[in-house]
Amino acid sequence: MSTQDHETTAVCPRCGVADCRRAFDELYAKEFSDHAYAAVHLLTVDAYSLQHGEERSARSNTYHLVRLTAALEFAADSGTGSPEPRGWRERIERGIALPDFAIPADPGEMTVAHPTGAAGPAEHGERVREWAWAELERL
Ligand SMILES: [Zn+2]
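Residues numbered from 1 in each chain as written. Predicted model: local features only at pLDDT ≥ 70, side-chain atom pairs only at ≥ 80, totals over all residues.

### What about the environment of Asp77?
Part 1 of the argument: On the secondary structure map, Asp77 appears in the loop between helix H4 (58-73) and helix H5 (88-93).
Part 2 of the argument: On the basis of neighbour count, Asp77 is assigned to the partly exposed category, with 14 C-beta atoms found within 10 Å.
Part 3 of the argument: Linking Asp77 and Leu42, residues 35 residues apart in sequence, is a C-alpha distance of 8.7 Å. (Helix = DSSP H or I, 4+ residues; strand = E, 2+ residues; numbered from the N terminus. Buried ≥ 20, exposed ≤ 12 C-beta atoms within 10 Å, placed from the backbone.)

Below is the structure:
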């Protein structure tokens, strides 16, 4: 394997971060294992999922975008997702048409690397929120 091949496999073609999935998995585990980090868990999941939206279905992208919007714009709990926008889960489960949107090719400047290495839960939450807002504005 050449150096170029190694770089191609290590750096994510979507976000440009080396081993981004591992970074995401580490944030995910921290948010599940330590209650102090859990408050922004769904923002982490939604921001990462949307930044890698080309790997997902349009329906999945819509799900994450609606939930991210509910948390950031309408103050839904970013740890639990509650309250959900009325009727939206039913619409998804029943296959009722939802607005579709295209994932921009440019992943933006902020990635899963932004919250990685935060000094504590407060900084973690702040960085995840900044990343989530950047992702919402990118879309
Ligand atoms: Zn990535």
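### Brief notes about the nonpolar core
Part 1 of the argument: Within the largest apolar cluster, 24 residues are counted, with the highest numbers of intra-cluster contacts made by Leu43, Ala47, Leu68 and Val112.
Part 2 of the argument: Of all the elements in the fold, those that place two or more residues in this core are helix H2 (20-33), helix H3 (41-51), H4 and helix H6 (121-138).
Part 3 of the argument: Of the residues forming this core, the biggest block, 6 residues, is contributed by H3.
Part 4 of the argument: Dropping the residues within four chain positions of it, Leu68 is found in contact with Leu43, Asp46, Ala47, Leu50, Ala132 and Leu136. (Core = buried A, V, L, I, M, F, W, Y, C linked by C-beta atoms within 7 Å. Contact = placed C-beta atoms within 7 Å.)

### Here's the deal with H6
Part 1 of the argument: With 18 residues, H6 extends 25 Å from end C-alpha to end C-alpha; this agrees with the ideal 26 Å at 1.5 Å per step.
Part 2 of the argument: All of the buried residues in H6 are His124, Gly125, Arg127, Val128, Trp131, Ala132 and Glu135.
Part 3 of the argument: Contacts from the buried residues of H6 go to H3 and H4. (Expected span 1.5 Å × (residues − 1).)

### What about H3?
Part 1 of the argument: Counting buried positions along H3 yields 11 of 11 residues, so the element is predominantly enclosed.
Part 2 of the argument: Packed against the buried residues of H3 are H2, H4 and H6.

### Thoughts on the environment of Glu55
Part 1 of the argument: Within the element layout of this structure, Glu55 appears in the loop between H3 and H4.
Part 2 of the argument: The exposed category is assigned to Glu55, around which 12 C-beta atoms lie within 10 Å.
Part 3 of the argument: Note: C-alpha distance between Glu55 and Arg14 (41 residues apart in sequence) is 9.1 Å.

This is a description of form; function is not addressed.
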